[in-house]
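# Results of the structural survey
Spelled out, the chains give:
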Amino acid sequence: MEKRKLFHRLVSVEEGLEVLEEEQLLNPLGIEEVNLQKALYRVLADDIYAPIDYPPFDRSEVDGYAVNIKSVENADELNPAVLKIAGKVRIGEFPKIEVDEKNAVEIDTGAMIPRGTSGIVMEEYTKRKENEYVEVYRSVYTGENISFAGSDIAKGELLFSRGRVLDHIDIGILSSMGINKVKVYIEPKIAILSTGNELVPPGSDLSIGKIYDVNAYMIYSLLKAHGIESDMFGIVQDKEDILEERIRELLKSYDIIITSGGTSAGIDDVVYRVFDRVGEVLIHGFKLKPGKPTVLARSGRKLLIGLPGFPFSSLANSLLILLPALFKIRGTEYRAKTKKASIAVSFRKDIGRRWLVPVLLNSIDKKIYAIPFSTSSGSIMMVARADGIALLSENKDVIEEGSEVDVVVFNSFEDKEGIIMGSHDLMLPDILKESRLEAKLSYIPVGSYLGLELVKRGFIDIAPIHLFDENTGTYNAPFLNKDPVLKSSALLVRGYSRKLVLAFREGTNLRGLEDVLESGLRFANRNKGSGTRMYVDYLLKRISAEKGVDFKKITRELKGYEYNLPSHNSVAAAISQGRADAGVCIEHAARIYGLRYIPLAEEHYDFAVNRKSLEKNAVKTFIDSLEFNKIKKIAERYFGYIADSNAGKVICC
């Protein structure tokens with residue numbers, strides 16, 4: 001068969017792995033024999049059959065007396081059977097005593113059954129008499145309390161098949177068979193490198209424009225979690241000669257080289273060029289979004305894998321490509337944990353690429369939903385919060401809401417009871433922690449509007465919101481009251497208040513948002529759908545009315561109005577780092593970034609709760625956690641947070 005070389009042509013994940021198979025790069029590296037104590041997570045290279053029976057002899061399961069069942073027929077507390085004690089069998093010794101219809105033999109748990117025994121009476125149902133006799137107060141059936149030879153494992157029975165990854169229980173079973181060595185496939189030696197001029201190792205100072213290395217630690221830990229050992233070799237700059245020298249040196253000792261970053265086809269992306277120098281690039285690019293720029297290459301019989309630099313892409317392709325390849329080389333198959341779920345949002349996508357979408361999984365009315373949330377490939381915390389990755393077919397351009405999709409699960413969905421999605425808040429994770437709900441309720445900030453919409457459609461349990469109504473000058477309740485579907489499907493529970501401020505750097509003199517507009521300063525705005533963005537628009541509409549200027553003209557004149565940021569901290573960071581001059585955020589964010597600020601308002605941060613979710617214990621516990629004294633205690637750790645006397649009470653609908 002002619003071997004394929006696919007370069008500068010996108011391939012599917014399945015096709016990419018087939019190419020590696022055809023190149024014989026996924027074959028095991030050989031077989032070795034190891035002692036049992038070194039066999040954990042190793043892959044068996046041969047079938048193992050039981051060399052002995054287990055248990056190897058008939059043995060007692062209890063402390064008591066070995067009897068012939070005929071001697072204790074119809075025995076009870078009023079009419080006990082009285083038997084002579086013929087002796088005792090201790091654990092670990094061969095019994096020389098025989099049981100008959102007139103005697104009983106005392107026996108230890110685990111001791112070998114003496115000849116003539118047909119059942120064991122538990123000690124609790126007996127009483128010794130004059131040390132020579134025993135009274136038996138109940139009958140026994142044939143084989144009661146006896147574990148027979150070979151009843152657990154029969155000699156010659158297949159214990160484990162070739163390709164099994166041995167865990168601690170397997171090793172215990174092998175040791176029970178007297179096996180102290182096993183034949184396993186040789187483990188590949190794996191080296192991990194990160195590439196990028198922007199990377200610095202954790203623990204070092206972080207200067208402007210630099211980021212800490214994430215992927216090397218994540219990939220190393222992912223492999224470790226699957227019983228695969230590897231070695232990390234730090235960060236290499238995006239310079240071809242330096243990277244080539246490092247990889248050539250590693251190839252002398254390692255079978256597999258894994259890199260992350262620098263895999264695109266740009267001028268500064270050097271990985272695929274270096275791979276082609278030290279060997280031969282087989283594939284450069286997969287039909288994935290994100291994760292397209294992944295490189296597979298060979299150097300002789302050794303495999304080179306270049307993963308993308310953004311963490312989500314790197315993790316996704318590790319699950320879809322890296323682990324299946326490594327498991328094959330180790331002599332087994334990778335079986336990703338997958339689950340079918342109904343997608344909660346419609347997607348329009350390009351045909352020809354499989355989309356990888358981080359999702360939360362939620363069960364409402366016994367139906368499992370996959371709720372996508374927006375994140376960049378560079379996001380770290382969003383990946384940590386996700387339950388898995390939804391795989392959207394490359395052959396479809398429209399994925400309808402409610403369609404069944406496959407989800408690669410990488411968190412323990414079974415331990416979770418519900419989802420909180422809505423407005424971003426710094427104190428909310430502390431409330432979940434104090435209530436011991438971190439593992440029960442997932443929290444993802446997506447904005448007030450989207451969270452409320454997801455509650456309305458029945459996909460999530462709780463939406464934290466702070467939506468300002470211009471007509472009434474109040475928060476949240478009007479948005480449920482004016483929507484008949486929301487009014488019937490959700491409750492509004494009072495939460496707490498936060499002080500909203502106009503923040504700016506020291507040395508900037510402002511009296512209000514109008515000064516930002518008139519002075520030509522750059523503004524850091526919040527994202528559409530957030531409560532803060534609604535409040536900013538409310539202030540700008542007031543300015544618009546006072547000046548008699550069209551609102552759209554005002555927004556065009558405000559520099560940075562279109563600079564949409566996802567959280568209060570994002571706004572404060574942009575101002576602190578000089579990317580903007582002013583912005584609206586909560587007081588706590590302004591304080592922790594050392595900014596000056598002008599108070600604007602106290603906003604209500606409340607919780608819209610899906611009525612169907614009230615049956616969930618975690619949801620009930622969360623509502624209880626909003627009680628005034630509990631919130632007041634937590635709020636003391638934050639600037640500008642205020643506990644509400646009605647906290648935890650239903651205030652609407």
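Given the structure is predicted, the values throughout are model-derived calculations rather than measurements.

## A closer look at the overall build of the protein chain
Within the protein chain one finds 18 helices and 40 strands. On C-alpha atoms alone, the protein chain measures out to a radius of gyration of 34 Å, which is more than a quarter above the 26 Å that the 2.2 N^0.38 rule sets for 653 residues. Principal-axis analysis of the C-alpha atoms gives the protein chain an extent of 115 × 70 × 45 Å. The 653 residues of the protein chain split such that 53% are buried. A separation threshold of at least 6 residues defines the contact pool for the protein chain, and within that pool the share at least 24 residues apart is 72%. For the protein chain, the exposed surface amounts to about 30300 Å²; the carbon and sulfur share of it is 48%. Charge-centre separation for the protein chain: the mean point of 88 positive side chains lies 4 Å from the mean point of 92 negative side chains.

## Concerning a nonpolar patch on the surface
On the surface, I592, Y593 and F639 cluster together to form a nonpolar patch covering roughly 250 Å² of accessible area. Relative to the helices and strands, F639 is located in the loop between α18 (628–635) and β39 (641–643). Relative accessible area serves as the criterion here: at 34%, F639 is assigned to the partly exposed category.

## Focus on the side chain of N476
With respect to the element layout, N476 can be found in the loop between β33 (474–475) and α10 (477–481). Overall, N476 belongs to the buried group, its relative accessible area being 0%. Only 2.7 Å separates the side chain of N476 from the backbone nitrogen of L467, close enough to count as a polar contact. At a separation of 2.9 Å, a polar atom in the side chain of N476 contacts the side chain of D606. Those residues in contact with N476 that sit more than four places away from it in its chain are I465, H466, L467, L492, H604 and D606.

## Observations concerning the environment of T621
Its place among the elements puts T621 in helix α17 (residues 617–625). Separated by 545 residues in sequence, T621 and D76 have C-alpha atoms that sit 52 Å apart. Each residue touching T621, except ones within four places of it in the same chain, is listed here: S435 and L437.

## Some thoughts on the sheet that holds strand β16 (residues 231–236)
Strand order in the open sheet formed by six strands is β16-β13-β17-β21-β20-β18, with mixed pairing between adjacent strands. The strands lining the two open edges of the sheet, one partner per strand, are β16 and β18 (280–284). Across the sheet, the mean angle from the axis of one strand to that of its neighbour is 20 degrees, orientation sign disregarded. Taken together, the four bridges between β18 and strand β20 (residues 295–299) define a ladder with antiparallel strand orientation. Pairing of I283 across the sheet is with L296, part of β20. Across the sheet, helix α1 (residues 13–22) touches β18, β20 and β21 (302–307), and the angle it forms with β18 is around 160 degrees. Of the strands in this sheet, β13 (190–195), β16, β17 (256–260), β20 and β21 are in contact with helix α4 (residues 240–251), which crosses β13 at around 170 degrees.

## Here's the deal with unusual backbone geometry
Here the bond from Y54 into P55 is cis, since omega is -5 degrees, no more than 30 degrees from zero. Tracing the chain through its elements places P55 in the loop between β2 (48–49) and β3 (59–60). Here the bond from K289 into P290 is cis, since omega is -5 degrees, no more than 30 degrees from zero. By the element assignment, P290 lies in the loop between β19 (288–289) and β20. Its identity as a non-glycine residue notwithstanding, N476 has a phi of 70 degrees, on the positive side.

## Describing the packing of α1 against helix α6 (residues 311–330)
As a packed pair, α1 and α6 sit with axes 10 Å apart at the nearest point and diverge in direction by 30 degrees. By the angle between their directions, the pair α1 and α6 is classed as roughly parallel. The element α1 and its partner α6 pack so that their crossing is right-handed. Residues V13, L17, L20 and E21 of α1 lie in contact with α6, whose contacting residues are L320, I321, P324, A325 and K328. Of the residues assigned to the contact of α1 with α6, the class counts are seven nonpolar, no polar and two charged.

## Topic: the side chain of N525
Relative to the helices and strands, N525 is located in strand β35 (residues 523–526). Dropping the residues within four chain positions of it, N525 is found in contact with R533, V536, G560, Y561, Y563, N564, L565 and V571.

## A closer look at the sheet that holds strand β7 (residues 119–122)
Across the sheet, six strands lie side by side as β7-β4-β6-β5-β9-β8; this open sheet has mixed pairing. The strands lining the two open edges of the sheet, one partner per strand, are β7 and β8 (126–129). Mean inter-strand twist for the sheet, computed between neighbouring axes without regard to direction, equals 40 degrees. As defined by bridge partners, strand β4 (residues 64–67) adjoins β7 across four bridges and the pair is classed as antiparallel. Residue A66 lies in a different strand from β7, and its bridge partner there is I120.

## Topic: α1
Think of an α-helix as turning once every 3.6 residues; residues three or four places apart then point the same way. Of the residues making up α1, those classed as buried are V13, E15, G16, L17, V19 and L20. In this fold, the buried residues of α1 make contact with β18, β19, β20, β21, α6 and β24 (354–364). Once α1 ends, the next one or two residues include Q24, with phi positive near 60 degrees.

## Comments concerning the pairing of strand β5 (residues 81–89)
Pairing of β5 with strand β9 (residues 133–136), which is carried by four bridges, proceeds in the antiparallel orientation. In the strand pairing of β9, A81 is matched with V136.

## Side note on the packing of aromatic side chains
Ring pairs (aromatic) are described by centroid distance and by the angle formed between their planes. For the structure on display, the rule yields 15 aromatic pairs. Relative to Y538, the ring of F468 has its centre 4.6 Å away and its plane inclined at 55 degrees; by these criteria the two rings are tilted. Residue F468 is located in strand β32 (residues 468–469), and its partner Y538 is located in helix α13 (residues 531–547); the two are separated by 70 residues in the primary sequence. Like F468, the residue Y538 is buried in the burial classification. A connected cluster of aromatic rings, assembled from ring pairs, spans Y496, Y605, F607, F622, Y638 and Y641. Taking NZ or CZ as reference, K189 lies 5.0 Å from the ring centre of Y254, over its face. Its guanidinium or amino end placed over the ring of Y561, R533 lies 4.7 Å from that ring's centre, counting from NZ or CZ.

The rules behind each value
- Note that residues are indexed from 1 along each chain, following the sequence as it is written.
- Restriction of local features to residues with pLDDT of at least 70 applies here, the model being predicted, together with a cutoff of 80 or more for giving and counting side-chain atom pairs; totals for whole chains, interfaces and linings are based on all residues.
- With hydrogens and water stripped out, all remaining heavy atoms of the structure feed into the side-chain values.
- Only DSSP runs of H or I reaching four residues or more are called helices, and only runs of E reaching two or more are called strands; each is numbered from the N terminus.
- Note on method: radius of gyration uses C-alpha positions; expected globular size equals 2.2 Å times residues raised to 0.38.
- Any residue under 20% of the maximum accessible area for its type is buried, any over 50% is exposed, and the rest in between are partly exposed; the area is computed with a 1.4 Å probe on protein chains only.
- Throughout, a contact is declared for two residues whenever any of their heavy atoms are within 4.5 Å.
- For the accessible areas, the method is Shrake-Rupley and the probe is 1.4 Å, while residue cover comes only from the protein chains on display.
- The charge count includes Lys and Arg as positive and Asp and Glu as negative, but it does not include His or the ends of the chains.
- In plain terms, the charge of a residue is placed at NZ if it is Lys, CZ if Arg, CG if Asp and CD if Glu.
- Only residues whose relative accessible area exceeds 30% and that take part in no salt bridge are eligible for patches, with like-charged residues grouped when within 9 Å of each other and nonpolar side chains (Val, Leu, Ile, Met, Phe, Trp, Tyr) grouped when within 5 Å.
- Salt bridge, as applied in this entry: a Lys or Arg side-chain nitrogen positioned within 4 Å of an Asp or Glu carboxyl oxygen.
- By the criterion applied in these results, polar contacts are pairs of N or O atoms within 3.5 Å in which, for protein atoms, one can donate a hydrogen and the other can accept it, and in which residues neighboring in sequence qualify only through two side-chain atoms.
- In this description, strands pair whenever DSSP reports at least two bridges between them.
- Every axis in this analysis is a line fitted to C-alpha atoms, fitted for helices over the stretch in contact. Angles between the N-to-C directions lie between 0 and 180 degrees.
- Angles below 35 degrees are treated as roughly parallel, those above 145 as roughly antiparallel, those between 65 and 115 as roughly perpendicular, and all remaining angles as oblique.
- Note: crossing handedness is left-handed where the near helix turns anticlockwise from the far helix by less than a right angle, and right-handed where it turns clockwise.
- Following the grouping adopted for this structure description, the nonpolar residues are Ala, Val, Leu, Ile, Met, Phe, Trp, Tyr, Cys and Pro, the charged ones are Asp, Glu, Lys and Arg, and the polar ones are all others, Gly among them.
- Pairing of aromatic rings covers Phe, Tyr and the six-membered ring of Trp, with a centre-to-centre limit of 6.5 Å; geometry is then stacked below 30 degrees between planes, edge-to-face above 60, and tilted otherwise.
- Consider the ring centre and the ring normal. A charge sits over the ring if Lys NZ or Arg CZ is within 6 Å of that centre and within 35 degrees of that normal.

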